[in-house]
Amino acid sequence: MQNLGLETQLIRKQVERTQFQEHSVPLYLTSSFVFEDAEDMRASFSEEKERNIYSRFSNPNTSEFVEKICLLEGAEDGFAFATGMAAVYSTFATLLNAGDHIVSAGNVFGSTHALFTKYFPKWNITTSYFDVNEAETIESFIQPNTKILYAESPTNPGVDIIDLELLGKIAKKHNLILIIDNCFATPCLQNPIQFGADLVIHSATKLIDGQGRVLGGVAVGRADLIREIYLFSRNTGPALSPFNAWVLSKSLETLPLRVEKHSQNAFEVAQFLENHDAISSVKYPFLKSHPQYEIAKKQMKAGGNIVAFEIKGGIEAGRKFLNAIKLCSLSANLGDTRSIVTHPASTTHSKLSVEERLSVGITDGLVRVSVGLENVNDIIADLKQALE
């Protein structure tokens, strides 16, 4: 299938058909798998044979989903998780030992920040944050015990862009494991492995599912690292359910089409907001006003579906805006077919102190819009009436 287009491969790649010759891959809702005899069972558990043993380890549905993500990202191997945060935690917990150090972009998802600041310090694992607008300072944060360089790009929720090529060069120079959260861009728009990433993480709950139905996560990349992540996860149990894997694998068949339309709609929404008197600033990767516009154009095929903007009037104006929304949803999710509006300061990042929020660009008036697949004129009309 290597000579076929990516869209064709995503639609046509599937596990082997059963004796029933089904056109659409069936659900394998089984906790375990049977063996032919004692020798087959012994060889399977000793890994002399590659086969399904138990669905906490692997399952045909999860395997198909992982293979498709690897195909999209250009990765050697991967493992699927119950949630995006399970993927983040399990990846770090596998690779880090007590006394290790992480260098991370300051702008990361709130729960990831909690891992770095609240939980990992219990095991003497420390984190230093670099300013995404001062990437030239990254090397100054590297210590002798630094093991991982980590970033999201675009970032959540401020839609900042980090130069992945620069991160790749720094990681290689200092022998660090480079991990990139590629959730906002999806592998349709950006492939961090091409720029030197060792591992790529996704919350499949977002654009990969795309319809707000199921939770899921995945980590893909170097086979040797994924092997360790697999062994950790096989014993700790954060595996993706076969049903969710089946849903997500089917979702990948339409991901390129959806992401293209999401990006078109979001660009139009960003242009509208940039010209509205109630807005003090707008961030969207493919707007020329974005501080990292040139970097975004270099490493992304389109701008994605997330638009961040600042409403004049601070936190109260942000709340009034949310209360006036009629069409768009108020939700903590993103990447849905339905447009979603979120006020990070009072919701997703409310656990951060004011100083912590401001240090990563989350002001009181910041609003994040996950632009959906509705008619773009209807989305803009709703935002317009809410602003007024």
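Please refer to the structure placed before this passage.
None of these values were measured; they are calculated from a predicted model.

**Focus on the side chain of Asn156**
- Turning to its location among the elements, Asn156 is positioned in the loop between β4 (146-152) and α6 (164-173).
- Within polar-contact distance, the side chain of Asn156 engages the side chain of Arg368 at 2.8 Å.

**Some thoughts on the sheet that holds strand β10 (residues 329-330)**
- Here we have five strands laid out as an open sheet, ordered β8-β9-β12-β11-β10, and mixed in their pairing. Every other strand in the sheet has two partners, leaving β8 (279-283) and β10 as the edge strands with one partner each.
- Judged from the four bridges that link them, β8 and strand β9 (residues 306-311) form a sheet pairing that is antiparallel. For Ser281, the partnering residue across the bridge sits in β9 and is Glu310.

**Brief notes about the pattern of salt bridges**
- Inspection of every chain in the model, using the stated rule, returns 19 salt bridges.
- Here Glu47 ties to Arg234 by a salt bridge, and the two come within 3.5 Å at their closest N and O atoms. On the criterion of sequence distance, the pair formed by Glu47 in the loop between α2 (38-45) and α3 (60-73) and Arg234 in helix α8 (residues 223-236) is long-range, its members being 187 residues apart.
- Among the residues examined, Glu47 registers a relative accessible area of 38% and is labelled partly exposed.
- In this structure Arg234 comes out as buried when scored by relative accessible area, which is 13%.
- Residues Glu165 and Lys298 are paired through a salt bridge, measuring 3.1 Å at the closest nitrogen-oxygen approach.

**Notes on the sheet that holds strand β7 (residues 217-221)**
- Sheet architecture is open: seven strands sit in the order β1-β7-β6-β5-β4-β2-β3, paired in mixed fashion. Looking at which strands have only one partner, the edges of the open sheet turn out to be β1 (77-81) and β3 (126-130). Here the average twist between neighbouring strands, direction ignored, is 20 degrees.
- Bridge analysis of strand β2 (residues 101-105) against β3 gives five bridges, and the strand direction is parallel. Bridge pairing in β3 links His101 to Thr126.
- Helix α5 (residues 110-119) contacts β2, β3 and β4 of the sheet and is inclined by roughly 130 degrees relative to β3.
- Strand contacts of α6: β3, β4 and β5 (177-181), with the helix running at about 155 degrees to β5, the strand carrying the most contacts.

**Some points on the nonpolar core**
- Core analysis: the biggest nonpolar cluster contains 75 residues, and Phe65, Leu149, Leu167 and Phe321 have the highest contact counts within it.
- Counting residues in hydrophobic clusters, the runner-up holds 27 residues, among them Phe92, Leu95, Ile179 and Leu225.

**A look at the packing of helix α10 (residues 255-274) against helix α14 (residues 376-387)**
- Contact pair α10 / α14: the axes reach a minimum separation of 10 Å and the direction vectors enclose 30 degrees. Here α10 is positioned roughly parallel relative to α14, judged by the angle of their axes. For α10 against α14, the interelement crossing comes out right-handed. Along its contact with α10, which presents Asn265, Glu268, Val269, Phe272 and Leu273, the element α14 presents Val376, Ile379, Ile380, Leu383, Lys384 and Leu387.

**Description of the pairing of β4**
- Burial of β4 is extensive: six of the seven residues sit out of reach of the surface.
- Examined bridge by bridge, β2 and β4 share four bridges and lie parallel to one another. Paired with Ser104 across the two strands is Tyr150, which belongs to β4.
- In the sheet, β4 pairs with β5 via five bridges, with the strands oriented parallel.

**What to know about the state of the cysteines**
- If you walk through the whole model with that rule in mind, you get zero disulfides.
- With no disulfide of its own, Cys70 lies 15 Å from the sulfur of Cys188, the closest cysteine sulfur.
- By relative accessible area, Cys70 is classed as buried at 10%.
- Cysteine Cys183 remains unbridged, with the sulfur of Cys188 as its closest cysteine sulfur at 13 Å.
- The buried category is assigned to Cys183, whose relative accessible area is 8%.

**A short note on the packing of aromatic side chains**
- Using the criterion set out here, one finds 15 aromatic pairs in the structure.
- Aromatic side chains Tyr89 and Phe120 sit 6.3 Å apart centroid to centroid with 40 degrees between the ring planes, which places their arrangement in the tilted category. Taken together, the residues Tyr89 in helix α4 (residues 84-95) and Phe120 in the loop between α5 and β3 connect sequence positions 31 residues apart.
- Residue classification places Phe120 among the buried positions, given a relative accessible area of 2%.
- Look at Phe116 and Tyr150: their rings are 5.8 Å apart centre to centre, the planes differ by 90 degrees, and that puts the pair in the edge-to-face class. Placement of the pair is Phe116 in helix α5 and Tyr150 in strand β4, with a sequence separation of 34 residues.
- Pairwise contacts between aromatic rings join Tyr89, Phe92, Phe116, Phe120, Trp123, Tyr129 and Tyr150 into one cluster.
- Taking NZ or CZ as reference, Arg234 lies 3.9 Å from the ring centre of Phe57, over its face.

Procedures and definitions
- Position numbers for residues count from 1 along each chain, tracking the sequence in the order it is written.
- At least 70 in pLDDT is required for a residue's local features to be given in this predicted model, at least 80 for side-chain atom pairs to be given and counted, and no such filter applies to totals for whole chains, interfaces and linings, which use all residues.
- The side-chain quantities take in all heavy atoms of the structure and omit both hydrogens and water.
- Strands here are runs of E lasting at least two residues and helices are runs of H or I lasting at least four, both read from the DSSP assignment and numbered beginning at the N terminus.
- As used in this structure description, the phrase polar contact means that two N or O atoms lie within 3.5 Å; if the pair is within protein, one of them must be able to donate a hydrogen and the other to accept it, and residues adjacent in sequence are counted only when both atoms belong to side chains.
- Here a strand pair is declared whenever DSSP counts at least two bridges between the two strands.
- A carboxyl oxygen of Asp or Glu within 4 Å of a side-chain nitrogen of Lys or Arg is what we treat as a salt bridge.
- Exposed residues in this analysis have more than 50% of their type's maximum accessible area, buried residues have under 20%, and partly exposed residues fall in between, with area computed by a 1.4 Å probe over protein chains only.
- Lines fitted to C-alpha atoms define the axes here, with helix axes fitted over just the stretch in contact, and angles between the N-to-C directions of these axes take values from 0 to 180 degrees.
- Whether two residues are in contact is decided by their heavy atoms: any pair within 4.5 Å suffices.
- The criterion is simple. A nonpolar core is a set of buried Ala, Val, Leu, Ile, Met, Phe, Trp, Tyr and Cys residues joined through side-chain atoms within 4.5 Å.
- Roughly parallel covers angles under 35 degrees, roughly antiparallel covers those over 145, roughly perpendicular covers 65 to 115, and oblique covers all other angles.
- Helix crossings are classified by the rotation of the near helix relative to the far one: an anticlockwise turn of less than a right angle makes the crossing left-handed, while a clockwise turn makes it right-handed.
- Two cysteine sulfurs form a disulfide in these notes if their separation is within 2.5 Å.
- Planes of paired rings set the category: under 30 degrees apart is stacked, over 60 is edge-to-face and the rest tilted, where pairs are Phe, Tyr or Trp rings (Trp by its six-membered ring) whose centres lie within 6.5 Å.
- Charges are assigned to positions over rings by a cutoff of 6 Å between ring centre and Lys NZ or Arg CZ, combined with an angular limit of 35 degrees from the ring normal.

The quantities given are spatial measurements derived from coordinates; they are silent on function.
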